[in-house]
Amino acid sequence: MPITVETCVASHIGDRHEQQDRVGVFAHPRQRGTMIAVLADGMGGHTGGAIAAEQVLLKARQNFESYAPQNESPNDLLAEIVNDAHVIIRLTRLTSEKEPHSTAVVLVLQPGHVRWAHCGDSRLYHFRGAELVSRSADHSLVGELLRRGRLNEAGARVHPKRNVLLSCLGGEKAPEVVISEPVAPQAGDSFLLCSDGLWGHLSDAEIGAAVATRRAREAAEVLVERARQRAGGYGDNVSLALIKIVDAGSLSSQP
């Protein structure tokens, strides 16, 4: 079955004074069918978070453009992007009065397989149709409490320390970089990278239903709109990148 890739990126400033998220999807300049998606949620006071997130995006694009799949491992690429961005953000602290930090989610799609890495509490969701196949584990205090069974999902959404991260880029400690096992993509798969400004207001089931039944752009619009409505005027920045693997034949029959 011939398949193709449908992508969309979206962001909204929310109810903040500054957009500190960064998100992008880029095709490889030389390798057909190879692309990268990256999302970063910056933290660190006025402009500091935006600077940190921008460094993640820039480093991802730079490293990806020089990536040679024939000679390099995608796992090495993913780890290098996160670790290199961490070093650059740390250096930024030395040349400014800011305290920049950032999360990172990076996905690499090549013919036949998809891999991703993350650090912090920005997420990667893998859906097959509307069914959740996997979701990245948040490097946060609340995420750890969930894993230990000391907190449920409902309690996590209102926990007073839900924004406390245990690992991120730009901190004193080296970032914890978790790299996925390779996934062989098939028609009906969707990969969603998003910041907590989105997932903090929507259940996994809601997200899955939205991405399974809509084209990428429409799904992105619906997800952002729902998150904004539920934020009730107190929402964080919202950002996402959506990659859908679709049956190439089905696109010709859609309006």
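Going by the structure above, here's the rest.
Predicted, not measured: the structure shown is a model, and the values here were computed from it.

Parameters and conventions
Residues numbered from 1 in each chain as written. Predicted model: local features only at pLDDT ≥ 70, side-chain atom pairs only at ≥ 80, totals over all residues. Heavy atoms only, no water. Core = buried A, V, L, I, M, F, W, Y, C linked by side-chain atoms within 4.5 Å. Buried < 20%, exposed > 50% of the residue type's maximum accessible area, 1.4 Å probe, protein only. Helix = DSSP H or I, 4+ residues; strand = E, 2+ residues; numbered from the N terminus. Contact = heavy atoms within 4.5 Å. Patch = residues over 30% accessible without salt bridge, like charges linked within 9 Å, V, L, I, M, F, W, Y side chains within 5 Å. Areas by Shrake-Rupley, 256 points an atom, 1.4 Å probe, with all protein chains shown as cover. Salt bridge = Lys/Arg side-chain N within 4 Å of Asp/Glu carboxyl O. 1 Å grid on protein atoms, 1.4 Å probe; cavity = no way out; pocket = protein on both sides within 12 Å on 5 of 7 lines; lining within 4 Å. Points joined across faces, edges and corners; volume = space filled by probe spheres on them. Nonpolar A, V, L, I, M, F, W, Y, C, P; charged D, E, K, R; others polar. Phe/Tyr/Trp six-rings, centres within 6.5 Å; stacked < 30°, edge-to-face > 60°. Pairing = 2+ DSSP bridges. Expected span 1.5 Å × (residues − 1). Polar contact = N/O pair within 3.5 Å; in protein donor to acceptor, adjacent residues only side chain to side chain. Axes fitted to C-alpha atoms, helices over the stretch in contact; angles between N-to-C directions. Parallel < 35°, antiparallel > 145°, perpendicular 65-115°, else oblique. Left-handed = near helix turned anticlockwise from the far one by under 90°.

Trainee: Which residues make up the nonpolar core, and what are the values?
Mentor: Membership of the largest hydrophobic core comes to 23 residues, with the highest contact counts inside it found for Ile36, Val38, Val56, Leu77, Ile81, Val106 and Leu169. Mapped onto this core, the elements with two or more residues apiece are β3 (35-43), α1 (48-65), α2 (74-94), β5 (104-110) and β6 (113-119). What Val106 contacts, discounting residues up to four positions off in sequence, is Ile36, Ala37, Val38, Leu78, Ile81, Arg115, Trp116, Ala117 and Leu193. Core analysis: the next-biggest nonpolar cluster, separate from the first, contains 21 residues, Ala10, Cys194, Ala210 and Ala216 among them.

Trainee: A description of a nonpolar patch on the surface should follow, citing residues and the corresponding values.
Mentor: Where nonpolar side chains cluster on the molecular surface, the patch consists of Val87, Leu91 and Leu94 and spans about 320 Å² of accessible area. You can see Leu94 is positioned in helix α2.

Trainee: Break down the layout of surface pockets for me, citing the residues and quoting the values.
Mentor: Here the largest pocket defines a volume of roughly 770 Å³. Arg16, Arg162, Asn163, Asp196 and Asp236 are, among the 34 residues lining the largest pocket, the residues nearest its centre. Among the elements of the structure, β3, α3 (141-147), α4 (153-158) and α5 (196-199) are those that each provide at least two residues to the lining of the largest pocket. Split by residue class, the lining of the largest pocket holds 8 nonpolar, 15 polar and 11 charged. Its volume calculated, the second largest pocket comes out at about 260 Å³.

Trainee: Help me get a handle on the packing of aromatic side chains, residues and values and all.
Mentor: The final tally for this structure, using the stated rule, is 3 aromatic pairs. Aromatic side chains Trp116 and Phe191 sit 5.9 Å apart centroid to centroid with 55° between the ring planes, which places their arrangement in the tilted category. Placement of Trp116 in strand β6 and of Phe191 in strand β10 (residues 189-194) is noted, with a sequence separation of 75 residues between them. Across the pair, exposure class does not vary: Trp116 and Phe191 are buried alike. The interplanar angle of 5° and the centroid separation of 5.7 Å between the aromatic rings of Tyr125 and Phe127 together place this pair among those described as stacked.

Trainee: Please give an account of the pairing of strand β7 (residues 123-128) that cites residues and values.
Mentor: Side-chain direction in a regular strand flips from residue to residue, so the side chains alternate between the two faces of the sheet. In terms of burial, β7 is largely enclosed, as 5 of its 6 residues are buried. As paired strands, β7 and strand β8 (residues 131-135) are joined by 4 bridges and run antiparallel to one another. By the bridge assignment, Phe127 is partnered in β8 with Leu132. Hairpin connection, β7 to β8: the antiparallel pair is bridged by 2 residues, and Gly129 has positive phi, about 65°.

Trainee: Which residues make up the side chain of His139, and what values do they have?
Mentor: Tracing the chain through its elements places His139 in the loop between β8 and α3. Residue class for His139 comes out buried when judged on its relative accessible area of 6%. In this view, His139 contacts His118, Cys119, Gly120, Leu165, Leu166, Ser167, Glu176 and Val178; residues no more than four positions away in its chain are not counted.

Trainee: I'd love a proper account of α2, names of residues and values included.
Mentor: In a regular helix each residue adds 1.5 Å, so 21 residues correspond to 30 Å; α2 covers 31 Å between its end C-alpha atoms and thus fits that length. Lining the buried residues of α2 we find β3, α1, β4 (101-102), β5, β6 and β9 (178-179). Put simply, Ser73 is the residue that caps the front of α2, since its side-chain oxygen is 3.0 Å from the backbone nitrogen of Asn75.

Trainee: I'd like a rundown of the packing of helix α6 (residues 204-212) against helix α7 (residues 216-231), residues and numbers included.
Mentor: Viewed as axis vectors pointing N to C, α6 and α7 meet at an angle of 150°, and their least axial separation amounts to 8 Å. As far as their axial angle goes, α7 and α6 are roughly antiparallel. Considering how the two elements wind past one another, α6 and α7 form a crossing that is right-handed. Counted together, Glu206, Ile207, Ala210 and Val211 of α6 and Ala219, Leu223, Arg226 and Arg230 of α7 form the full contact between these two elements. Here the contact of α6 with α7 is built from residues that sort into 5 nonpolar, no polar and 3 charged.

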